[in-house]
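# Structural description and commentary
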Amino acid sequence: MNRLFIMSLAVWVGTAVSWPATGASLSTQILMEDGSPYYVPVTATVASGHPVRWDNPTPTHHTVTHVGCLEEGTACLFDSGTVPPGSQFTIPGLPAGRYAYHCRIHPIMRGMLVVTDSPPAPSQL
Ligand SMILES: [Cu+2]
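Throughout this document, residue positions are counted from 1 along each chain, in the order its sequence is written. It should be noted that, the model being predicted, local features are given only for residues of pLDDT at least 70 and side-chain atom pairs only at 80 or more, the latter also being counted only at that level, while totals for whole chains, interfaces and linings use all residues. Neither water nor hydrogens contribute to the side-chain values; these are computed over all heavy atoms in the structure.

### A word on the overall build of the chain
Looking only at helices and strands, the chain has one helix and eight strands in total. Secondary structure follows DSSP: runs of H or I at least 4 residues long count as helices, runs of E at least 2 residues long count as strands, and numbering of each begins at the N terminus. Reading the helices (α) and strands (β) of the chain from amino to carboxyl end gives α-β-β-β-β-β-β-β-β. Out of the 125 residues belonging to the chain, those deemed buried represent 30%. We get accessible surface area from the Shrake-Rupley algorithm with a probe of 1.4 Å; when it comes to residues, only the shown protein chains can shield them. By element, 63% of the accessible surface of the chain is carried by carbon and sulfur atoms, the whole surface being about 7,400 Å². Burial classes follow relative accessibility: with a 1.4 Å probe on protein chains only, a residue under 20% of its type's maximum area counts as buried, one over 50% as exposed, and anything between as partly exposed.

### Regarding the state of the cysteines
What counts as a disulfide here is a pair of cysteine sulfur atoms lying within 2.5 Å. Scanning all chains against the criterion turns up one disulfide. Here Cys69 is linked by a disulfide to Cys76, with a sulfur-sulfur distance of 2.0 Å. Sign of the S-S torsion, about 80 degrees for the bond between Cys69 and Cys76, identifies this disulfide as right-handed. Given the relative accessible area of 45%, Cys76 is considered partly exposed.

### A short note on the sheet that holds strand β3 (residues 43–47)
DSSP bridges decide pairing: two strands pair if at least two such bridges lie between them. The four strands lie next to each other as β3-β8-β7-β5, forming an open sheet whose pairing is mixed. Each edge of the open sheet is held by one strand with a lone partner, namely β3 and β5 (65–66).

### Describing the environment of Thr90
Summarising the element assignment, Thr90 is placed in strand β6 (residues 88–91). The sequence separation of Thr90 and Pro51 amounts to 39 residues, and the corresponding C-alpha distance is 6.8 Å. Each residue touching Thr90, except ones within four places of it in the same chain, is listed here: Pro51, Val52 and Arg53. Residues are treated as being in contact if the distance between any of their heavy atoms lies within 4.5 Å.

### Some details on the sheet that holds strand β4 (residues 52–55)
Pairing in this open sheet of four strands is mixed, and the strands run β2-β1-β4-β6 from one edge to the other. Only two strands of the sheet have a single neighbouring strand rather than two, namely β2 (39–40) and β6. In terms of strand pairing, β4 meets β6 through four bridges, oriented antiparallel. Bridging from a neighbouring strand, Trp54 pairs with Phe89 of β6.

### Here's the deal with the nonpolar core
Nonpolar core, defined: a set of buried Ala, Val, Leu, Ile, Met, Phe, Trp, Tyr and Cys residues in which side-chain atoms within 4.5 Å join the residues together. Tyr39, Trp54, Val64, Phe78, Ile91, Tyr101 and Leu113 are the most contacted members of the largest nonpolar core, which has 20 residues in total. The set of elements that each furnish at least two residues to this core consists of β1 (28–32), β3, β4, β6, β7 (97–102) and β8 (110–116).

### With respect to the coordination of the copper ion
Listed donors are limited to N, O and S atoms within 2.8 Å of the metal, widened to 3.2 Å for Na, K and Ca; water is not among them, so incomplete-looking sites are possible. At 2.0 to 2.6 Å from the copper ion lie its protein donor atoms, namely His62 (ND1), Cys103 (SG), His106 (ND1) and Met109 (SD). One can describe the site at the copper ion as irregular: its four donor atoms subtend angles covering 87 to 136 degrees at the metal. We note that the donor set of the copper ion lies within a single chain, spaced as H-x40-C-x2-H-x2-M. Residue His62 is found in the loop between β4 and β5, and its partner Met109 is found in the loop between β7 and β8; the two are separated by 47 residues along the sequence. Angle rules define the geometry names used: all angles between 85 and 135 degrees makes four donors tetrahedral, while opposite donors over 155 degrees apart and all other angles between 65 and 115 make four donors square planar and six octahedral, leaving every other case irregular.

Below, the structure written as structure tokens:
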């Protein structure tokens, strides 16, 4: 019986570690704004594999589009499509790297997502 409990616990812990999205506080949240800098924070840093969420509290439609989606021969790693007012867009996680993105509707809106290999800082836990 004890052994079964330990096995269950191991499965539970393994699930929690591999899929941190269940803890909403572990996800990185970025706000869209109608004024500069448009994406807040304009440069967001997140550990690899952690979800990132963009919220659109503005009265305007926006998108979150990786620059690769608009260039021939480059990988398109995420594209939200139109995010209506009051809606949000979440990506489950990305490999380490720097991902520039912008809004298809308002090309002046530009942000940067930095994904690191290091675990999140203790203050985020
Ligand atoms: Cu926009």
